[in-house]
Amino acid sequence: FNRRARADGNTVGYDTIAAAGEHATTLHWTQNDGAVRPGELVLVDAGLEVDSLYTADVTRTLPIDGTFTEVQRRIYTAVLDAADAAFAVAVPGARFRDVHSAAMEVIAARLGAWGLLPGTVEESLDPEGQFHRRWMVHGTSHHLGLDVHDCAQARRDLYLDGIVEAGMVFTIEPGLYFKADDLTVPAEYRGIGVRIEDDVLVTADGNENLSAALPRRPEAVEAWMATLLTD
């Protein structure tokens with residue numbers, strides 16, 4: 001990927017994260033040295049910096065042997081639905097934090113439906129609850145530009161409390177991460193990490209997914225993997 005990035009652009013936008021199995025539950029796993037085992041998932045977070053110095057930031061989580069298990073698909077679909085909910089509110093006039101809130105409503109609801117929350121979904125979504133954050137430990141979005149996290153110096157009133165405007169570019173990247181030793185979840189969930197990340201351009205009347213060419217839906221991911229496994 002590094003070589004392709006130098007050929008097609010300037011370089012990689014950041015250190016590639018290629019995390020298989022349990023390593024995907026570590027957010028910035030850049031050692032990229034773990035075993036890739038059939039039946040598990042591999043999370044690849046990689047982006048190319050083009051000659052203008054602007055960078056992409058994209059993540060896909062793939063079934064190593066081409067097919068999601070039932071539990072993997074359940075978790076993957078929850079993350080995808082959270083991402084789609086965030087896309088729906090990433091429009092001019094919304095607050096930037098509304099994008100995160102929309103995704104968290106879906107994440108909390110799914111965790112509640114699976115019986116994993118220590119309280120109700122409503123209690124989890126309350127600022128004093130946040131039980132779901134045990135398994136979704138980062139923000140849903142960050143601004144993207146010349147830097148992959150192009151927001152570090154932004155004041156709160158212009159960033160988290162800011163208003164979404166046409167022309168902004170940011171990520172939408174919810175996830176769910178179940179550590180292998182997390183005894184608060186059933187064994188079938190442990191060691192699974194899923195993140196789906198796309199780059200979003202806010203337009204005058206909505207938004208455009210700049211990374212839509214990469215399959216997102218589980219059936220589309222499986223179809224894509226099938227072509228790779230037969231090449």
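A few points on the structure.

**Describing the sheet that holds strand β6 (residues 169-172)**
Paired through backbone hydrogen bonds, the strands of a sheet run either parallel or antiparallel to each other. One open sheet holds the 3 strands; their spatial order is β6-β9-β10, and the pairing between them is antiparallel. At either end of the open sheet lies a strand with only one pairing partner, and these are β6 and β10 (206-209). Neighbour-to-neighbour, the strand axes of the sheet open up by a mean angle of 40°, direction not taken into account. Pairing analysis gives 4 bridges linking β6 to strand β9 (residues 198-203), with the strands arranged antiparallel. Residue pairing for β9: V169 is matched across the bridge by L201. The strands touched by helix α2 (residues 70-89) are β6, β9 and β10; relative to β6, the strand with the most contacts, the crossing angle is about 150°.

**Quick look at the packing of α2 against helix α5 (residues 218-230)**
One way to put it is that α2 packs onto α5 with a least axis distance of 10 Å and a crossing angle of 120°. Taken together, the axes of α2 and α5 lie oblique to each other. Only P218, E219, V221 and E222 of α5 make contact with α2, whose side of the interface consists of R73, Y76, T77 and L80.

**Points about the environment of Y54**
Within the secondary structure, Y54 is located in the loop between β4 (48-49) and β5 (58-63). In contact with Y54, other than residues within four places in its own chain, are L48, E49, G145 and L146.

**A short note on helix α3 (residues 96-113)**
Given a rise of 1.5 Å per residue, 18 residues ought to cover 26 Å, and the 27 Å separating the end C-alpha atoms of α3 matches this to within 8%. Three or more residues of α3 are buried, namely F96, V99, A102, A103, M104, V106, I107, A108 and L111. In this structure, the buried residues of α3 make contact with α2, α4 (121-125), β6 and β7 (175-178). Note on α3: the residue one or two positions beyond its end, G115, has a positive phi of about 75°.

**Section: the sheet that holds strand β3 (residues 41-46)**
In spatial order, the strands read β2-β3-β5; together these 3 strands make up an open sheet with antiparallel pairing. In this open sheet, the two strands that pair with only one neighbour each are β2 (17-20) and β5. Geometrically, the sheet is characterised by an average inter-axis angle of 10° between neighbouring strands, direction not taken into account. Across 6 bridges, β3 lies against β5 in antiparallel orientation. In the strand pairing of β5, V44 is matched with R60.

Thresholds, definitions, all that
- Residues numbered from 1 in each chain as written.
- Predicted model: local features only at pLDDT ≥ 70, side-chain atom pairs only at ≥ 80, totals over all residues.
- Heavy atoms only, no water.
- Pairing = 2+ DSSP bridges.
- Helix = DSSP H or I, 4+ residues; strand = E, 2+ residues; numbered from the N terminus.
- Axes fitted to C-alpha atoms, helices over the stretch in contact; angles between N-to-C directions.
- Contact = heavy atoms within 4.5 Å.
- Parallel < 35°, antiparallel > 145°, perpendicular 65-115°, else oblique.
- Expected span 1.5 Å × (residues − 1).
- Buried < 20%, exposed > 50% of the residue type's maximum accessible area, 1.4 Å probe, protein only.

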